[in-house]
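Observations on the model geometry
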Amino acid sequence: MSISGKAYIGGIYEHPTRNAVDKSLPQLHAEVAKGALDDAGLSHREVDGYFCAGDAPGLGGLSMIDYLGIQPKHIDSTETGGSSYVIHVAHAAEAIAAGKCHVALVTLAGRPRAEGGQMRGMAARPDLFPEQNFEAPYGGVVLNLYAMCAMRHMHEFGTTSEQLAWIKVAASHHAQYNPHAMLQNVVTVQEVLNSPVVADPLHRLDCCVISDGGGAVVVVSPEIAKELKRPRVKILGTGEFSKNQMGGKVDLTYTGARISGPIAFAEAGVKPADIKYASIYDSFTITVLMTLEDLGFCEKGAGGEFVADGNLISGVGKLPFNTDGGGLCNNHPGNRGGMTKVIEAVRQLRGEAHPRVQVQNCDVALAHGTGGSLGTRHGSATLIMERE
Amino acid sequence: MAERKITAPAINPETKPFWDAAAKGQLLIKKCLACGELHYYPRTICPFCHSDRTEWQTASGKGSIYSFSIMRRAAEPFAIAYVTLEEGPKVLTNIVDCAFEDIKIGKPVKLVWKQSEGGPAVPMFTLA
Ligand SMILES: [Zn+2]
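Note that the coordinates shown come from a computational prediction; the quantities given were computed from them, not determined experimentally.

**A closer look at the domain arrangement of chain B**
Residues and elements named next belong to chain B. Parsing chain B into structural domains produces domain 1 (13-58) and domain 2 (60-128). Each of domain 1 and domain 2 has a C-alpha centre, and the two are 20 Å apart. Listed by partner, the interface residues are 12 residues for domain 1 and 13 residues for domain 2. Counting each side, the surface lost to burial between domain 1 and domain 2 is near 900 Å², with a carbon and sulfur contribution of 81%. Per-residue buried area on domain 1 facing domain 2 is highest for Trp19, Leu27 and Tyr40; these three make up 54% of the total on that side. The interface formed by domain 1 and domain 2 contains zero salt bridges.

Following this line, the structure appears as structure tokens:
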């Protein structure tokens, strides 16, 4: 069964905070839930599906359902790190298509800054992770694991630091128009290259920001979408995959988007050339470059050329990306960027992005999430949507 | 330069043979008797064919660098790497006892052991 056209994005909300010292974590979830329901013009009483991931405090959503005072008949707490929320939108569409719910609420919130950089979530017993004995001794963290992907990509394909820098430059061009963005200054390729190397070959400005905040999405059935007063954004296709070390046959040159992308494009009945705007998970510049290759926007190995010379800048290049400034410049709430990828894609389809970055005639858009680590194991999720 | 503190493995019944061999300086990988594939990190059930007929095999300790990164932001910078073992599987590890600028993709490496904090010595590699 295809879910194409069987669910719509009813409401979206991105929390404006970037430093939530004065708010609790459940409070942030409630504020984004209220924001997205208000945007849709729906009440929390109409929510009959709830989706959350490891950032939600409590037991897989049970605590949040209680706290929010909602009574969902469909609950899903799929956890794939930062890509969870892209998968949640897909699973919500599936549940709606199957008649299990009609108004599905997805929430994300986090306050890593307020908590002094501490990561929270489901990793309560890292000593029980299956890979712990063979990875924990070696000091692998998100930064140096992604850096190894960049190192190998450079080795195999001749990708350069200058090309990676263009991704940050493009994000910064967009962030200058976002008053909530953490980094609002336009940067140059040279400024990225001049920032300190934090894990070879990645510079500090190849990395995303660390921020508090959150976001929510409301996914609704076609019948409910017709009653809402917002522009209608239809879900065309979705795909997901989890790539890992494959028992030791490690290949750091590609991502799970190689699998999730074609599944989503096939279901949507569109091609990469049909995508007018793309939200691409940007934990690091290399994440964007590899994902664009794997989604088929260019050949494998040609990502460096594709992203250079402003090709990702709205109004300048062929593929406008992350027009809110993305994780690289705007925010990365709770160290999880999938939610904001969906939200900005919906803004673009509604024509509600900032006028300086709004893509003209934006009828088909893509949002892609990457959670976990490209260097070990990660969850990829692709979502394609259409303005109706 | 101060040495980075190495997190100890939390040894469990499935991994104990690996660490018993490690105490004798042997790096073990797993071989599947059903499909013939070698795998790492080691499991009881083969991740390729799901046979439970897997046995430990001692690796030569020779390999080459598949990729690496110098973690410069750490208090004590260190080199993380994937090493392609002579036998085939790639292992996540550290490259130690050499200058960072000498570490390159493709360079041959050999096994060394480094003491973890409150645990056993763990397998790492140095330039051969
Ligand atoms: Zn097997």
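From this point on, the discussion continues.
**A look at the packing of helix α5 (residues 142-157) of chain A against helix α10 (residues 285-295) of chain A**
All names here are of chain A. At a minimum axis distance of 10 Å, the contact between α5 and α10 shows a crossing angle of 55 degrees. When the axis of α5 is compared with that of α10, the two are oblique. Pair α5 / α10 crosses with left-handed handedness. In contact with Tyr146, Cys149, Ala150 and His153 of α5, α10 contributes Ile286, Thr287, Leu289, Met290 and Glu293.

**Comments concerning the domain arrangement of chain A**
All names here are of chain A. Domain parsing of chain A yields domain 1 (8-113 + 212-231) and domain 2 (136-210 + 235-387). The C-alpha-based centres of domain 1 and domain 2 are spaced at 23 Å. In this complex, domain 1 contributes 41 residues to the contact, which on the side of domain 2 involves 34 residues. Each partner contributes to the roughly 2,800 Å² buried at the junction of domain 1 and domain 2, and carbon and sulfur atoms together form 66% of this total. Interface area lost by domain 1 to domain 2 is led by Glu14, Arg18 and Val86, which between them contribute 22%.

**Here we look at the pairing of strand β7 (residues 213-220) of chain A**
All names here are of chain A. Taken across its eight residues, β7 has eight buried, putting it largely inside the fold. The alternating pattern of β7 places Gly213, Gly215, Val217 and Val219 and Gly214, Ala216, Val218 and Val220 on opposite faces, both of which are buried. As paired elements, strand β4 (residues 103-110) and β7 share eight bridges and run antiparallel to each other. Bridging from a neighbouring strand, Ala104 pairs with Val219 of β7.

**Focus on the nonpolar core**
A general feature of soluble globular proteins is that nonpolar side chains tend to end up buried together. Residues and elements named next belong to chain A. Counting residues in hydrophobic clusters, the biggest one holds 56 residues, and the most contacted among them are Ile167, Ile275, Leu292, Leu312, Leu366 and Ile384. Of all the elements, α5 adds the most residues to this core, at eight residues. Among residues more than four places away in sequence, those in contact with Leu292 are Ile280, Phe297, Cys298, Phe306, Val307, Leu312 and Leu319. Core analysis: the next-biggest nonpolar cluster, separate from the first, contains 36 residues, Val219, Met339, Val342 and Leu383 among them.

**Quick word on empty space enclosed by the protein**
Applying the stated rule across the entire model yields four cavities of 30 Å³ or more. Estimated volume of the largest cavity: approximately 60 Å³. Every residue along the wall of the largest cavity is listed here: A:Phe134, A:Glu135, A:Gln245, A:Gly248, A:Val250, B:Tyr40, B:Tyr41, B:Tyr82, B:Lys90 and B:Leu92. Sorting the residues of the lining of the largest cavity by element identifies α4 (132-135) of chain A together with β6 (90-95) of chain B as the ones contributing at least two each. Taken together, the residues of the lining of the largest cavity sort by class into six nonpolar, two polar and two charged. Its boundaries defined by the atoms lining it, the second largest cavity holds a volume of some 50 Å³.

**Structural notes on the interface of chain B and chain A**
Chain B puts 42 residues into the contact, and the matching count from chain A is 38 residues. A buried area of about 3,100 Å², summed over both sides, lies between chain B and chain A, and 60% of it is on carbon and sulfur atoms. For chain B, the biggest contributors to the area lost against chain A are B:Tyr41, B:Tyr66 and B:Tyr82; these three give 22% of the whole. Run the count over chain B and chain A and you get two salt bridges. As a salt-bridge pair, B:Glu37 and A:Lys249 come within 2.8 Å of each other at their nearest N and O atoms. Our count for the chain B to chain A interface comes out at 24 residue pairs in polar contact (both at pLDDT 80 or more). Residues belonging to the side of chain B that touches chain A are distributed by class as follows: 27 nonpolar, nine polar and six charged.

Each value, and the rule that gives it
Residues numbered from 1 in each chain as written. Chains lettered and ligands numbered in written order. Predicted model: local features only at pLDDT ≥ 70, side-chain atom pairs only at ≥ 80, totals over all residues. Heavy atoms only, no water. Domains from an automatic or database assignment. Contact = heavy atoms within 4.5 Å. Buried area = accessible area lost by both parts, 1.4 Å probe. Salt bridge = Lys/Arg side-chain N within 4 Å of Asp/Glu carboxyl O. Axes fitted to C-alpha atoms, helices over the stretch in contact; angles between N-to-C directions. Helix = DSSP H or I, 4+ residues; strand = E, 2+ residues; numbered from the N terminus. Parallel < 35°, antiparallel > 145°, perpendicular 65-115°, else oblique. Left-handed = near helix turned anticlockwise from the far one by under 90°. Buried < 20%, exposed > 50% of the residue type's maximum accessible area, 1.4 Å probe, protein only. Pairing = 2+ DSSP bridges. Core = buried A, V, L, I, M, F, W, Y, C linked by side-chain atoms within 4.5 Å. 1 Å grid on protein atoms, 1.4 Å probe; cavity = no way out; pocket = protein on both sides within 12 Å on 5 of 7 lines; lining within 4 Å. Points joined across faces, edges and corners; volume = space filled by probe spheres on them. Nonpolar A, V, L, I, M, F, W, Y, C, P; charged D, E, K, R; others polar. Polar contact = N/O pair within 3.5 Å; in protein donor to acceptor, adjacent residues only side chain to side chain.

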